[in-house]
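Chain and residue survey
Residues per chain are reported as follows:
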Amino acid sequence: MRIVFDLDGTLIDSAPDIRALANRLLADRGCAPLALAETHSFIGNGAAVFVEKMRQARALPEREQAALLAEFSAGYETAVDLTRPYPGVVAALRALAAAGHALGICTNKPARPARAVLAHLGLLDGFATVVGGDSAATRKPDPAPLHQAFAALGAGPCLYVGDSEVDAETAQRAGIRFLLFTGGYRKSPVAAIPHAAAFSAFDALPGLVGAS
Ligand SMILES: O=C(O)COP(=O)(O)O
Ligand SMILES: [Mg+2]
């Protein structure tokens, strides 16, 4: 089977690094720092949307957007030290690879920081493709980047694993079966997010894939 994963809030808890990076930018401008929950709520639609939501939350003017995004992007690749895989992720990925599944990533995080954090955690080599928010002409919830990720994995049934409303919509629009990790950065109740199956701990994932 071809299995594609979302990244932030699905395989990795990256919000502490994203928050620290954002708070450096805000501190330079005399603004109050982001709380962790606020940070979670801004993640999922890519770097430009994150910076826009951060800017609006601190009432910074629109004319600052380009400079904020440039500074954010410049620091993004090295913002890896506080990021951890969720419990059970490493073992689940290893089990899925050992069972012969082809694994890929489709994230709205730009490709370079996505690859950098995966490499930092020793996980990059496990993925045959990494499609980022800037890898295709469009980003999720447009289905094109998800199709691109599956195309890179060859043939076979498809499964997408993600944590958010954006991921569920992307899978639905792509016509692909979706598994929801409930422990990430979703904003809505699990019941309000379309999914084939949901799981709260990664040790359940190989069994769910086997049952798909
Ligand atoms: O919003 C982002 O930059 C990334 O989020 P995702 O990995 O959940 O797609
Ligand atoms: Mg996510």
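All residue numbers refer to positions counted from 1 along the written sequence of the respective chain. All chains are assigned letters beginning with A, and all ligands numbers beginning with 1, in the order in which they are written. The model is predicted, so local features are restricted to residues of pLDDT at least 70 and side-chain atom pairs to those at 80 or more, both for listing and for counting; the totals for chains, interfaces and linings are taken over all residues. As a rule here, side-chain values cover all heavy atoms of the structure and leave hydrogens and water aside.

**Considering the overall build of the protein**
For the protein, the count of helices and strands is 9 helices and 8 strands. Taking 2.2 N^0.38 as the reference for a compact globule, 212 residues should give roughly 17 Å; the C-alpha atoms of the protein span a radius of gyration of 17 Å, in line with that estimate. For the protein, the spread of C-alpha atoms along the principal axes amounts to about 50 × 35 × 30 Å. When contacts within the protein are restricted to residue pairs at least 6 apart in sequence, those whose partners lie at least 24 apart make up 63%. Using a 1.4 Å probe, the Shrake-Rupley method yields the accessible areas, and only the shown protein chains count as cover for residues. Carbon and sulfur atoms make up 54% of the accessible area of the protein, which totals about 8,900 Å². Charge assignment in this entry is limited to Lys and Arg as positive and Asp and Glu as negative, and neither His nor the chain termini are counted. Throughout, a charge is located at the NZ atom of Lys, the CZ atom of Arg, the CG atom of Asp or the CD atom of Glu. In the protein, 19 positive and 20 negative side-chain charges are present, and the distance between their average locations comes to 1 Å. Secondary structure counts use DSSP, requiring at least four H or I residues in a row for a helix and at least two E residues in a row for a strand, with both numbered from the N terminus. Computation of the radius of gyration draws on C-alpha atoms, with the globule rule given as 2.2 Å multiplied by the number of residues to the power 0.38. We call two residues in contact when some of their heavy atoms are within 4.5 Å.

**Examining the UniProt feature "active site" (unreviewed entry) in the protein**
Residues given the UniProt feature "active site" (unreviewed entry) here are Asp6. Structurally, the position occupied by aspartate 6 is in the loop between β1 (2-5) and β2 (12-13). Among residues more than four places away in sequence, those in contact with aspartate 6 are Leu11, Cys106, Thr107, Lys140, Tyr160, Val161, Gly162, Asp163 and Asp167. For this analysis, a polar contact is any N or O atom pair within 3.5 Å, provided that within protein one partner can donate a hydrogen and the other can accept it, and provided that sequence-adjacent residues contribute only side-chain to side-chain pairs. A polar side-chain atom of aspartate 6 sits 2.8 Å from a polar atom in the side chain of threonine 10. UniProt positions are given in the numbering used here, feature names are shortened, and annotations may be inferred rather than shown by experiment.

**Brief notes about the packing of aromatic side chains**
Here a pair means two rings of Phe, Tyr or Trp (six-membered ring of Trp) with centres within 6.5 Å. Their orientation is stacked below 30 degrees between planes, edge-to-face above 60, and tilted elsewhere. Throughout the structure, instances matching the rule amount to 9 aromatic pairs. For the ring pair phenylalanine 5 and phenylalanine 127, a centre distance of 6.4 Å and an interplane angle of 75 degrees mean the geometry is edge-to-face. Residue phenylalanine 5 is found in strand β1, and its partner phenylalanine 127 is found in the loop between α6 (111-120) and β5 (129-131); the two are separated by 122 residues along the sequence. Overall, phenylalanine 127 belongs to the buried group, its relative accessible area being 10%. A centroid spacing of 6.0 Å and a plane angle of 45 degrees characterise the contact between tyrosine 160 and phenylalanine 178, whose relative ring orientation is tilted. Here phenylalanine 178 lies in strand β7 (residues 177-181) and tyrosine 160 lies in strand β6 (residues 158-162), a separation of 18 residues in the sequence. Per residue, the accessibility class of tyrosine 160 equals that of phenylalanine 178, and both read buried. Taken together, the ring pairs in this structure connect Phe42, Phe50, Phe72 and Tyr76 into an aromatic cluster. Throughout, exposure labels follow a simple rule: accessible area from a 1.4 Å probe, protein chains only, divided by the maximum for the residue type, with under 20% read as buried, over 50% as exposed, and the rest as partly exposed.

**Quick word on the UniProt feature "binding site: Mg(2+)" (unreviewed entry) in the protein**
UniProt feature "binding site: Mg(2+)" (unreviewed entry): in the numbering of this structure it lies at Asp6, Asp8 and Asp163. Sequence-wise these annotated residues cover 158 residues; spatially they are packed, their C-alpha atoms never more than 8.2 Å apart. Turning to its location among the elements, aspartate 8 is positioned in the loop between β1 and β2. Look at aspartate 8 and you get buried, because its relative accessible area is 8%. Leaving out residues up to four positions away in the same chain, aspartate 8 has contacts with Ser14, Ile18, Ile43, Tyr76, Lys109, Asp163 and Tyr185.

**Some remarks on the packing of helix α3 (residues 47-57) against helix α4 (residues 65-76)**
Here α3 crosses α4 at 125 degrees, and the two axes come no closer than 10 Å. In this view, α3 runs oblique relative to α4, as classed from their interaxial angle. Classified by chirality, the crossing of α4 by α3 is right-handed. Packed against α3, whose contacting residues are Ala47, Ala48, Phe50, Val51, Glu52, Met54 and Arg55, the element α4 presents Gln65, Leu68, Leu69, Phe72 and Tyr76 at the interface. Looking at side-chain class alone, the contact of α3 with α4 contains 9 nonpolar, 1 polar and 2 charged residues. As a rule, the C-alpha atoms of each element are fitted with a line to give its axis, helices using only the stretch in contact, and angles between N-to-C directions run from 0 to 180 degrees. Orientation labels follow simple angle bins: below 35 degrees gives roughly parallel, above 145 gives roughly antiparallel, 65 to 115 gives roughly perpendicular, and whatever is left gives oblique. The crossing is said to be left-handed when, going from far helix to near helix, the turn is anticlockwise and less than a right angle, and right-handed when the turn is clockwise. Asp, Glu, Lys and Arg are counted as charged, while Ala, Val, Leu, Ile, Met, Phe, Trp, Tyr, Cys and Pro are counted as nonpolar; the rest, among them Gly, fall into the polar class.

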